[in-house]
Amino acid sequence: MFKRMTTGLLVGGAALAATFGAAATAQAQDDPIRVGSFLAVTGPASFLGDPELKTLEMYIDRINGAGGVGGRQLELVHYDTGGDANKARTFAKRLLEEDEVDVILGGSTTGTTMAVIPLVERAEIPFVSFAGGVVIIDPVKPWVFKTPHTDRMACGKIFEDMQARGITKVGMISGTGGFGKSMRAQCLDVGPDYGVEIVADETYAPSDTDMVAQLTKIKNTEGLEAVVNPGFGQGPAIVTKNFAQLGFEVPLYQSHGVASKKFIELAGDAAEGVRLPAAALLVAEKLPMDDPQRPIVMGYKSTYEAVHGEGSVSTFGGHAYDGLMMYKAAVEAAGSAEPAAVRDALENITGFIGTAGEVNMSADDHLGLDLSAFRMLEIRDGDWVLVN
Amino acid sequence: MADIRPSGYSKHRKKQTYTRRLGTRATPMQVLMSERIGGMGALIVIIAALPLLLANNYQYDVAITIGINAIVVVGLNLLIGYAGQISLGHAGFFALGAYASAILTARYGLHGALAMPLGALGVGLLAYIIARPILRLSGHYLAMATLGVGVIINIVISREAWLTGGPDGMYVPPLEVWGVELYGGPIWYWIVAAFLVLAVWISLNIIDSPVGRALRGLHGAEVAAEVAGVDTTRYKVMVFVISAVMASVAGSLAAHFSEFVTPEKASFFHSILFVTMVVFGGMASTFGAVVGAAVLTLLPQLLADFASYEHMILGLIMMAVMIFMPRGLVPTLTGLARRRGARR
Amino acid sequence: MPPAFVELLQFLFSGITSGAIYALVALGFALIYNASHVINFAQGEFVMLGGMITWLLLSHGIDLPLAIAGAVAATVVVGLALEKLAIEPVRDANVVTLIIITIGAGIFLRGLTSVTLGKDLHAVPAFSGNEPLELLGATIMPQSLWILGVTAAVVLALHLFFHFTILGKAILATSHNRLAARLMGVNVNFVLLLSFGLSALLGAVAGILIAPITATHFEVGIMLGLKGFAAAILGGLGSGLGAIVGGLLLGLIESLGAGYISSDYKDAMAFVVILGVLFLMPQGLFGKRGTERV
C-alpha cells in the first residue's frame, strides 16, 4: 500500500516534471533567439555601424520571413555606442545581464570590441566582432570570433603589390584614430618581411580638414616611391585630394577602411589610380563566373542596394552579413542556440563562403581568412578595377 | 565679468551662519532639514536601500556609474557652485586618475590601493601648479583654459600608445584584496558608495569651514574681500585642487571597476557632461550634484530604446530643464516644496 | 625657388585656408557674445547645417548659387528660432545655464539632422573646379581662393554694417552697455535676435565654403565649433579683429606645427599656444583690457 503510493507519487511526479519540462522546452523552442548587438551607429565610425545595423535588421527580417533558424525566430536587440568603448561596455553588460541574449554580433571598432571581450569571456556567450584589429583574435580567446580581414593582412597585401612593382621606399600618413593607429603599427611591423622601408611617417587627426602640411613633408622625402594612408572616414578622402593637389609622381595606396563607393564620390577625380586591398564585394560584377564567391556577393549587393539605393553597398555591411550568416550556420550545425554548442560549431566552420572570402575556422584561428581573400583594386574612371 | 553663481543662494546661506554664530538652538526639525545631518542621513538611507531594487549586474553597473560620476560632480560643484570658477577640463583629471591606476597596476605591477593615492597625489600636484595662472582668468577665458588643459591631456593619452594603449585603450587588471579578485556589481556598489559618502561629507564640511565661508563672502565682492585682506586666490586654488583630486579618485575607481580605460574618458564631452550634471542638479547644492549625476547617467540608458531619436530627445530635455528650471532641479523643487509648506 | 621656401609657402597657404574658416566661425561666436555675453556652443551646428542643406538642395537638382542661398536662409531661420525659443525666455539666467542650453541645442540639431538627412558623408562640388593653381612653386586650390575671398568680403561687410548703419551701431551700443542702450531706445531683444541671425549666417557661409574640401556630415560642426571658440578666445572675446587674427593664427600654428615639428601633436600645440597667450594676456590678444566694475 505504502509502496504503491510512493510509486504512484513518483510516477505522478515524473509525469508532472515531464509535462513541465516539455512545456519549458516547447517554450524555449517558440521563444525567439535573442541576438544582441552594439554598433557605432553615430560618431566618427558611423559609416561602419550604420550599414552594419541596416544589414542586420534587413537580413534578420528576411531570415524570420523564411521561417527563422531551426524553427525559431531571431530577435535583434541593438544599442548605439557612438564608438565609445565605455558605452560599449555598459551596453554589453545590459545585453548579457538584462536582455539575456544568446549571442553578441557587433562592435564596429577594435576599441569597443576589446572593451567588451572580458565580459563575454566571463559570461561565456559567443561573440562575433565586425572590427579589423588583429589583437581581437591574436591571441585566440575561446568565445571571440571576427569576420573582417585584419589590418595586418591589409598591410601584407599592400606590400605584396609593392614588391611586384619593385617599390621599397614608402611614406606613411596615418589617422590617429584607433584604426589608423593600429594599422600603422602593423605595417611598420610587417614591412621588413616584404623588403619595404618606411622613409616617412606622418599622422593626422580624424577630424582634420587639411593634410597638405604633412603631405608636403612626405613629398620632399628623398627616394620616396609610394605612399600608404591607413585611416577611414573623411580623412583619406582629404588626403587623396591633397595628394592630387601637390602633384605627387608616386602611387597612393589606401586601406580597406575606405572600401565603399562613398570614397570615390568624396575624393572625386583625385581618386584615379589609387589602389587598395578590399573584399570581393566591391567588384561583384567583375568576378569570373566560376568564382565561388560570386553568387554570395551578388546576392548581398543586390539585396542591400534594392533597399538603400544604387552604389550604397560597402564591405562594412558585408562584415555584419558574414557574422549573421556564420551564426545561423553554427546554430543549424549545433542543432540549438545553446551558447557552448554554438561556440564549438563556430570554431568548426569550414568552407563557409561570405562576402570577405572563404572562412575556415579552427581552435587556433578565429578569423579563418587568408591573404587570398583580399583583392587588390585600383580606381579607374570612378569605378573599381581588379588588378592582375 | 561673468559671475556664474545663481543669485539668491548667499542670503539663505548667511542666515544659517548667523543662527550658528548667535548660538540659538536649532529645533530638531531644523536639524533634520539641514544639509549636513538630514541630507547625509537621507543619502545613506537611499544608498543602503537601493540594492533592493537592483536585479542584475547591468543595473548595478548603472548605479555604480552614477556613484562615480557623483564623486566628480560633488567636487566640481565646490568649484563652480561655491568658488564661482568654471572648469571644462575636469574629465582630464578624471582620465589622469584612471590612467595612473591603469598604468601603475598593469605595467608596473603596483597594487591598486597604492596606485589610486599616487595618482591622486600626482593630479593634485598638477592642479596646484596650473591653478594659479589659470585661476587668474575669469569667465569664458577660464572655460577655454581649462578646456585646453583637458584637450592636451586627451591628446597626450591617445598619442603615447606605448604607455596608454592609444585610442583603443588598455586593460586594467582587476583589483585584488588578500588574494580575492573584486568583481561584480554588489562589491563595487559598496566600494563606490563608501567613497561617495566620504566625498559628500568632505564637501559639506568644506562648505561649513572658514574656507567655505570665505568663498561665500567673495560672492559679488571679490575685490572688496581682497582689500579686506582675504587671500581669495589661495582659497580658489585650494578648491580647484580638491575638486581635481576627487575627479582623479573617481577616475581610479572607474578604471578598476570597468577593467578598461580609453582616452574617451578625457574627452571634451566628458568634461561638458560633468558641468551639465552640476548645473542640472543645481549649483551650490551638494545633493543637487548627486541628483544631477544620477539623472544624466540614467537618461541615456532610458533613451537608448529610442534608437536614433536618442540625441534629439536628450538635447530637448537639457534645454527644457534649463529653460524652465534655470536654477537646477534640486533648488527649484525644494523651493517649490518650501513655498507649499509655508502656505500650509 | 629654393625648396625650403616653396615648402614654407605651401604650409602658409594651407594654414591660411583653415585659418579663414576658423575666423568665420570665431566671428559668429564674437557676434553673439557681444550682444548677449552668451557663448553659443551650437555655433558649430550652424556650420554643419550650411554644408548639409547645400548638399540636400544640390541632390534635388537645384543649382549651386540657389542651393547656397537656400542653405544660408534655412540656417538663419534656425538661428532665429534658437534665440526666440531657447535664449530669450532665460536671458537673465547665469552664464553656465546659458552654455548648457546652447550645448543642448547643438545635440538636438545634430540629432535632428541625423534622423532627417542620415549619417552619411556627402561630397559638395568645388565652386570652380579642382585644377590646382601654381604660385611660386607651391600649389593652392581654387576653393581656397574662394574661402579667402569670401572671408575678406564678409569681414568688410561686417565692418561697414557696424560702423555705418543705425542697426549695426545699435548692436555695438548694446554690447557696450545694455542698460544705457535700452534707455536710448534700442530694442535690446531685437538686437539679440539679429545677432543670432547674423551669427547663423556666418556659420552657414563657413560650412558651405569648406564643404567641398572636407565633405559634409552631421557631426562635422563639433570640431569646427571648438576650433572657432578657441580662435575667438585667442583673439579676445567680442573683438572682431581678434576673431580674425585668432582664426588665422590658429590655422597657421596647426600647419606650421604639423610641417616643422610633429603632426602627432599639432592640435596640442595649438592649445599650448592658447594657454600661453592667456597666461600672459588674460583677455586674449585683442580683448578689452579695462578694469572690471566693482
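Residues numbered from 1 in each chain as written. Chains lettered and ligands numbered in written order. Predicted model: local features only at pLDDT ≥ 70, side-chain atom pairs only at ≥ 80, totals over all residues. Heavy atoms only, no water.

Asks: Can you walk me through the overall build of chain B in this structure?
Replies: The helix and strand tally for chain B stands at 16 helices and four strands. The buried share of chain B, taken over its 344 residues, is 58%. Partitioning the contacts of chain B with sequence separation of at least 6, the portion at a separation of at least 24 is 81%. About 14,400 Å² of surface is accessible on chain B, with carbon and sulfur atoms providing 69% of the total. (Helix = DSSP H or I, 4+ residues; strand = E, 2+ residues; numbered from the N terminus. Buried < 20%, exposed > 50% of the residue type's maximum accessible area, 1.4 Å probe, protein only. Contact = heavy atoms within 4.5 Å. Areas by Shrake-Rupley, 256 points an atom, 1.4 Å probe, with all protein chains shown as cover.)

Asks: Would you mind going over the interface of chain B and chain C with me for this structure?
Replies: Often the size quoted for an interface is simply the accessible area lost on bringing the parts together. The partner chain C presents 48 residues to the 45 residues of chain B that form the contact. When chain B packs against chain C, the two sides together hide about 4,200 Å² of surface, and 80% of this comes from carbon and sulfur. At the boundary of chain B and chain C, one finds one salt bridge. One salt bridge in this structure joins Asp264(C) and Arg159(B), with 3.7 Å as the shortest N-O distance. At the surface where chain B touches chain C, the tally comes to six residue pairs in polar contact (both at pLDDT 80 or more). Those elements that provide at least two residues to the side of chain B that touches chain C are α6 (112–135), α7 (139–159), α13 (268–281) and α15 (310–324) of chain B. Per element, the largest residue contribution to the side of chain B that touches chain C is 12 residues, and it comes from α7(B). When its residues are assigned to classes, the side of chain B that touches chain C shows 33 nonpolar, seven polar and five charged. (Buried area = accessible area lost by both parts, 1.4 Å probe. Salt bridge = Lys/Arg side-chain N within 4 Å of Asp/Glu carboxyl O. Polar contact = N/O pair within 3.5 Å; in protein donor to acceptor, adjacent residues only side chain to side chain. Nonpolar A, V, L, I, M, F, W, Y, C, P; charged D, E, K, R; others polar.)

Asks: Would you explain the confidence of the model for chain B in this entry?
Replies: All names here are of chain B. Per-residue pLDDT for chain B has a mean of 84; in total, 85% of the residues score no lower than 70. Across chain B, element-level confidence peaks in helix α5 (residues 90–106) with a mean pLDDT of 96 and bottoms out in helix α1 (residues 9–22) with 42. Of the regions scoring below 50 in pLDDT, residues 1–23 engages in 47 contacts with residues more than four places distant in sequence or in other chains. (pLDDT = per-residue confidence, 0-100.)

Asks: Mind showing me how you'd approach unusual backbone geometry here?
Replies: Only a minority of non-glycine residues have a phi that is not negative, and only a minority of peptide bonds are not trans. A cis amide bond links Asp138(A) to the next residue, Pro139(A), at an omega of 5°. Located in the positive-phi region is Asp381(A), a residue other than glycine, with phi close to 50°. Along the chain, Asp381(A) falls in the loop between β13 (375–380) and β14 (383–386). The residue Leu136(C) is not glycine, and still its phi comes out positive at about 55°. Take Leu136(C): it is sitting in the loop between β1 (133–135) and β2 (138–140). Overall, the relative accessible area of 46% leaves Leu136(C) in the partly exposed class.

Asks: Just checking my understanding: could you explain the state of the cysteines for this structure?
Replies: By definition, a disulfide links the sulfur atoms of two cysteines through a covalent bond. Residue and element names in this part refer to chain A. Applying the stated criterion across every chain, the model contains one disulfide over all chains. A disulfide bridge connects Cys155 with Cys187, and the sulfur atoms are separated by 2.1 Å. Disulfide Cys155-Cys187: the torsion about the S-S bond is -90°, which places it as left-handed. Here Cys155, found in helix α5 (residues 151–165), pairs with Cys187, found in helix α6 (residues 178–190); they are 32 residues apart in sequence, far enough to count as distant. (Disulfide = S-S within 2.5 Å.)

Asks: Mind showing me how you'd approach the packing of aromatic side chains here?
Replies: Any two aromatic rings considered together are summarised by their centre-to-centre distance and by the angle between their planes. Residue and element names in this part refer to chain B. Evaluation of the coordinates by the stated rule reveals 24 aromatic pairs over all chains. Measuring from ring centre to ring centre gives 5.8 Å for Tyr60 and Tyr189, while their planes differ by 80°; the resulting arrangement is edge-to-face. One end of the pair, Tyr60, is in helix α4 (residues 57–82); the other, Tyr189, is in helix α9 (residues 185–208), with 129 residues separating them in the sequence. Judged by relative accessible area, which is 5%, Tyr189 ranks as buried. (Phe/Tyr/Trp six-rings, centres within 6.5 Å; stacked < 30°, edge-to-face > 60°.)

Asks: Got a minute to help me understand the interface of chain A and chain B in this structure?
Replies: At the interface, 28 residues of chain A touch 24 residues of chain B. Carbon and sulfur atoms make up 49% of the surface buried where chain A meets chain B, a total of about 2,400 Å² over both sides. Three residues stand out in chain A for area buried against chain B, namely Lys93(A), Arg94(A) and Arg122(A), and they jointly supply 23% of the buried area on that side. Where chain A touches chain B, the interface holds two salt bridges. A salt bridge links Arg122(A) to Glu259(B); the shortest N-O distance between them is 3.5 Å. For the pair chain A and chain B, the number of links is 14 residue pairs in polar contact (both at pLDDT 80 or more). Of all elements in the fold, only β2 (74–80), α3 (85–98), α4 (110–123) and α6 of chain A reach the threshold of two or more residues within the side of chain A that touches chain B.

Asks: Could you clarify how one ought to interpret the pattern of salt bridges in this entry?
Replies: Pairing between side chains of opposite charge can happen when the charged atoms of each approach one another. Residues and elements named next belong to chain A. Evaluated as defined, the whole model comprises 29 salt bridges over all chains. With its nearest N and O atoms 3.3 Å apart, the salt bridge here joins Glu75 to Arg34. With Glu75 in strand β2 and Arg34 in strand β1 (residues 33–39), this residue pair connects regions lying 41 residues apart in the sequence. Glu75 sits in the partly exposed class, given a relative accessible area of 31%.

Asks: Would you mind showing me how to read the packing of α6(B) against helix α12 (residues 232–258) of chain B here?
Replies: For any two helices packed against each other, the geometry is given by the interaxial angle and the distance between the axes. Residue and element names in this part refer to chain B. In the contact formed by α6 and α12, the axes pass within 8 Å of each other and the chain directions differ by 145°. Every pair of crossing elements has a handedness; the one defined by α6 and α12 is right-handed. Residues that form the contact of α6 with α12 fall into these classes: 15 nonpolar, seven polar and three charged. (Axes fitted to C-alpha atoms, helices over the stretch in contact; angles between N-to-C directions. Left-handed = near helix turned anticlockwise from the far one by under 90°.)

Asks: Please clarify how a negative patch on the surface should be interpreted in this entry.
Replies: A contiguous patch of negative charge, built from Asp269(A), Glu272(A), Asp381(A) and Glu131(C), is present on the exposed surface. With relative accessibility at 72%, the residue Asp381(A) sits in the exposed group. (Patch = residues over 30% accessible without salt bridge, like charges linked within 9 Å, V, L, I, M, F, W, Y side chains within 5 Å. Lys, Arg positive; Asp, Glu negative; His and termini not counted. Charge placed at Lys NZ, Arg CZ, Asp CG, Glu CD.)

Asks: Just to check I follow, could you spell out the sheet that holds strand β3 (residues 103–105) of chain A for this structure?
Replies: Two modes of strand pairing occur in sheets, parallel and antiparallel, and in both the strands are linked by backbone hydrogen bonds. All names here are of chain A. Pairing is parallel in the open sheet, where five strands are placed in the order β2-β1-β3-β4-β5. Here the strands that pair on one side only, and so sit at the sheet edges, are β2 and β5 (144–146). Shown here is a sheet whose adjacent strand axes are inclined to one another by a mean of 20°, direction ignored. Two elements, β3 and strand β4 (residues 127–129), share two bridges in a ladder whose sense is parallel. Within the sheet, the bridge partner assigned to Leu105 lies in β4 and is Val128. Along the sheet, α4 contacts β1, β3, β4 and β5; its crossing angle with β4, the most-contacted strand, is approximately 170°. (Pairing = 2+ DSSP bridges.)

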